[in-house]
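Chain by chain, the residues run as shown.
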Amino acid sequence: MPSARDRQARIATYVVYAVQGLSFASLLIQVASLQARHRLDEGSLTMLLLVVPVFAGVGSVAAGTFAARFGSKLLLRIAQPVVAVAVVLAGLAPNVPLLLPVLLLFGVAVGAVDAGMNMQGVAVERRYGVEVLNGFHCVWSVFSLAAALWASVAAGLPLQVVMAVPMVLAVAGSLYAGPGLCTRAEEKVEAASTTAAGRFPWRPIIPLCLAMGFLYVGDAAVSNFNTVFMKDVLGAGPAVIPLAYAAYQATTLAVRLGGDFAVRRYGPAVIVRIGGVIATAGFLGVVLAPTQPLGIVAFGLTGVGLSVVAPQSFSAAGRLDPAGTGVAIARVNLFNYVGFIVGAALVGGIADAADMRVAFAAPLVLAAAIIALARGFEPQRTPAIT
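For clarity, every value in this text was computed on a predicted model and none was experimentally measured.

A. Fine view of the environment of W140. In this fold, W140 is placed in helix α6 (residues 133-153). When the C-alpha atoms of W140 and Y14 are compared, they prove to be 8.3 Å apart, with 126 residues separating the residues in sequence. Not counting residues up to four positions away in its chain, the partners in contact with W140 are Y17, Q20, G21, F24, M117, Q249 and R256.

B. Spotlight on the packing of helix α11 (residues 268-288) against helix α16 (residues 361-373). Remark: α11 packs on α16, axes separated minimally by 7 Å, with the N-to-C direction vectors making an angle of 165°. It follows from the interaxial angle that α11 and α16 lie roughly antiparallel. Viewed along their axes, α11 and α16 form a crossing whose handedness is left-handed. Contacts between α11 and α16 involve V272, R273, G276, V277, A279, T280, F283, L284 and V287 from the former and A361, P363, L364, A367, A368, I370 and I371 from the latter.

C. Main features of the environment of V19. Residue position: V19 is located in helix α1 (residues 4-28). You can call V19 buried: its relative accessible area is 6%. Sequence-distant contacts of V19, that is, excluding residues within four places in its chain, are made with Q80, A170, G173 and S174.

D. Representation of helix α7 (residues 159-177) in the model. Here α7 contains 19 residues, and its C-alpha end-to-end distance of 28 Å stays within 8% of the 27 Å for a straight helix at 1.5 Å per residue. Listed in full, the buried residues belonging to α7 are L159, V162, M163, P166, M167, A170, G173, S174 and A177. Where α7 is buried, its residues contact α1, α2 (31-38), α4 (72-92) and α6.

E. Representation of the layout of surface pockets in the model. Empty space within the second largest pocket amounts to approximately 310 Å³. Surrounding the second largest pocket, 17 residues form its lining, Q30, A32, S33, L159 and P238 being those nearest its centre. Elements with a minimum of two residues in the lining of the second largest pocket: α2 and α7. Looking at the lining of the second largest pocket element by element, the count peaks at 4 residues for α2. Tallied by class, the residues present in the lining of the second largest pocket amount to 12 nonpolar, 3 polar and 2 charged.

F. Looking closely at the side chain of T302. Tracing the chain through its elements places T302 in helix α12 (residues 292-306). Residue classification places T302 among the buried residues on the basis of a relative accessible area of 0%. Polar contacts involving the side chain of T302 include one to the main-chain carbonyl oxygen of F299, which spans 2.6 Å. In this structure, T302 is in contact with V222, Y248, A279, G282 and F283, ignoring residues within four places of it in sequence.

G. Looking closely at the environment of G91. Counting through the fold element by element, G91 comes out in helix α4. What G91 contacts, discounting residues up to four positions off in sequence, is R37, Q160 and M163.

Cut-off values and rules
- Residues numbered from 1 in each chain as written.
- Predicted model: local features only at pLDDT ≥ 70, side-chain atom pairs only at ≥ 80, totals over all residues.
- Heavy atoms only, no water.
- Helix = DSSP H or I, 4+ residues; strand = E, 2+ residues; numbered from the N terminus.
- Contact = heavy atoms within 4.5 Å.
- Axes fitted to C-alpha atoms, helices over the stretch in contact; angles between N-to-C directions.
- Parallel < 35°, antiparallel > 145°, perpendicular 65-115°, else oblique.
- Left-handed = near helix turned anticlockwise from the far one by under 90°.
- Buried < 20%, exposed > 50% of the residue type's maximum accessible area, 1.4 Å probe, protein only.
- Expected span 1.5 Å × (residues − 1).
- 1 Å grid on protein atoms, 1.4 Å probe; cavity = no way out; pocket = protein on both sides within 12 Å on 5 of 7 lines; lining within 4 Å.
- Points joined across faces, edges and corners; volume = space filled by probe spheres on them.
- Nonpolar A, V, L, I, M, F, W, Y, C, P; charged D, E, K, R; others polar.
- Polar contact = N/O pair within 3.5 Å; in protein donor to acceptor, adjacent residues only side chain to side chain.

Listed below in structure tokens is the structure:
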């Protein structure tokens, strides 16, 4: 039976996920606006966007070292307000030389928060003794969707105002959540085996790593370039542009709400295979979309398909690591950033050389590859250490 302290930590962690979803989407949904303000071509935009995932990886690695010594609670209390400040500064930056260090700061802080909030999520799940992580990710999606809808409603206001208003709520939420998070002592767990953790075999998790990487190529394509696609290819106005990302986040949320039930009934491999088919259809729809409504529907389909891959990747990695060392999960998670970096570079590079429709054919092919990798999501349980 969860204690009052457990419930307090769970509520605080919900707020942390909500703030991260709101903050991350508040910047990404304005990519087209930032591109127009700074008169960036596709190549220059791609190089700027790469700053975020590259330095998010740095922030994530640094967060692991910091949290091991001081705990993820202190990490989040420092890093999460920095994310909000960076979003506001991105809206205020008058030129690219000032925007670049802001994106660097945003990337490092976002990576640190991504790591820290999942450390808190795992700690809460461990204290409850039941699966609760999916609920945290649902909240992330809800507030990402809220950021997209706010951008649509506030279209026409100065960009600085549109980006700053949600960050007032973000800072308030972060300050509220901080005291209730799990302390370093509450996060500690007895490891089954740690001395040989680095010897975990790569081969069983390669399909999971590839699927995670391909997922985030698609996610990077949608997150970074949906606004550009809607504006430049389909001629959408300021009020319509954010609706593509809103559709993506709404369908992601819907699937996450019911995903656990579907997996229990049909098994993870079937769900991932179906997800790959739907994501492929979604990207095909983006490539071929003749109108704005069909483009929005296509982006929504990509959310349906891609949303099932990450949680099942982590679940399958956990089954491959019965000792609970965390090595398999850490290696799979690395491909989050690899995929996002490759996705931003690949799609942006193709768009610069050809056009944006052709660029979205790249995640289409990789989404189809997830179908072939689905068998790896039902691996035989093998010893974690060899």
